[in-house]
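Chain by chain, the residues:
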Amino acid sequence: MTGDRDERALIAEWREILAVHARTACEIDRELHPYGLGASDFEVLDVLAGGDAEDGCTFRVQELADRVHLSQSALSRLVARLEKEGLVDRGICSEDRRGVRVAITEAGRARYDQARPSHRAVLERMLPKGDLVKG
């Protein structure tokens, strides 16, 4: 194996990343439960609330899937649930009638704004200060 790290160190680092992710995701789920959200729900709302889509307000389902690291089918089920709760709207893409766009609703933005401080507090508490994000 080439590089600065040997195989054992590489695998140990990978497993630590997985462990930090698992602990953090569980803590986020626990903290967001009172808001009726899970970690993936919040991630979708977080991306939508950021509004940095091509048109500034909505995302294609595939764009969302890429950003929240879910399969398109898992994301479609999640978006359907969020839509049923009134937190997002889905619509047909004007530029491609086969595509679906998703946008956050006012209710979704309000729920996101309520949950955001708890989410960010978990990240502050659980994530190592820059140790895992390099280069």
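Residues numbered from 1 in each chain as written. Predicted model: local features only at pLDDT ≥ 70, side-chain atom pairs only at ≥ 80, totals over all residues. Heavy atoms only, no water.

Per an unreviewed UniProt entry, the recorded name for the protein chain is MarR family transcriptional regulator, and the organism is Actinacidiphila acidipaludis.

Focus on the environment of Val68
The test is simple: The helix count covers DSSP runs of H or I at least four residues long, the strand count covers runs of E at least two residues long, and both are numbered beginning at the N terminus. It only takes one pair of heavy atoms within 4.5 Å for two residues to be counted as in contact.
Position of Val68 among the secondary structure elements: in helix α3 (residues 61–68). With 26 residues separating them in the primary sequence, Val68 and Phe42 have C-alpha atoms 9.8 Å apart. Once residues lying within four places of it in the same chain are set aside, the contact partners of Val68 are Glu43, Val44, Val47 and Leu75.

Some thoughts on unusual backbone geometry
The phi torsion of most residues other than glycine is negative, and most of the peptide bonds are trans. The backbone phi angle of His69 is positive, close to 60°, even though this residue is not glycine. Relative to the elements of secondary structure, His69 occurs in the loop between α3 and α4 (72–84).

Let's talk about the sheet that holds strand β1 (residues 58–60)
Here is the rule we go by: For two strands to be treated as a pair, DSSP must find at least two bridges joining them. All axes are obtained by fitting lines to C-alpha atoms, using only the stretch in contact for helices, and the reported angles, taken between N-to-C directions, cover 0 to 180 degrees.
In space, the three strands of this open sheet follow the order β1-β3-β2, with antiparallel pairing throughout. Only two strands of the sheet have a single partner each, and these edge strands are β1 and β2 (88–92). Strand after strand, the sheet turns through a mean of 30° between neighbouring axes, direction not considered. Running over the sheet, helix α2 (residues 39–50) touches β1, β2 and β3 (100–104) and is turned about 85° from β3. Each of β1 and β3 touches α3; the most contacted strand, β1, lies at about 90° to it.

So, α3
Keep this limit in mind: Three exposure classes are used, based on accessible area relative to the maximum for each residue type with a 1.4 Å probe and protein chains only: buried under 20%, partly exposed in between, and exposed over 50%.
The set of residues buried in α3 consists of Val61, Glu63, Leu64, Ala65 and Val68. For α3, the elements touching its buried residues are α2, β1, α4 and β3. Once α3 ends, the next one or two residues include His69, with phi positive near 60°.

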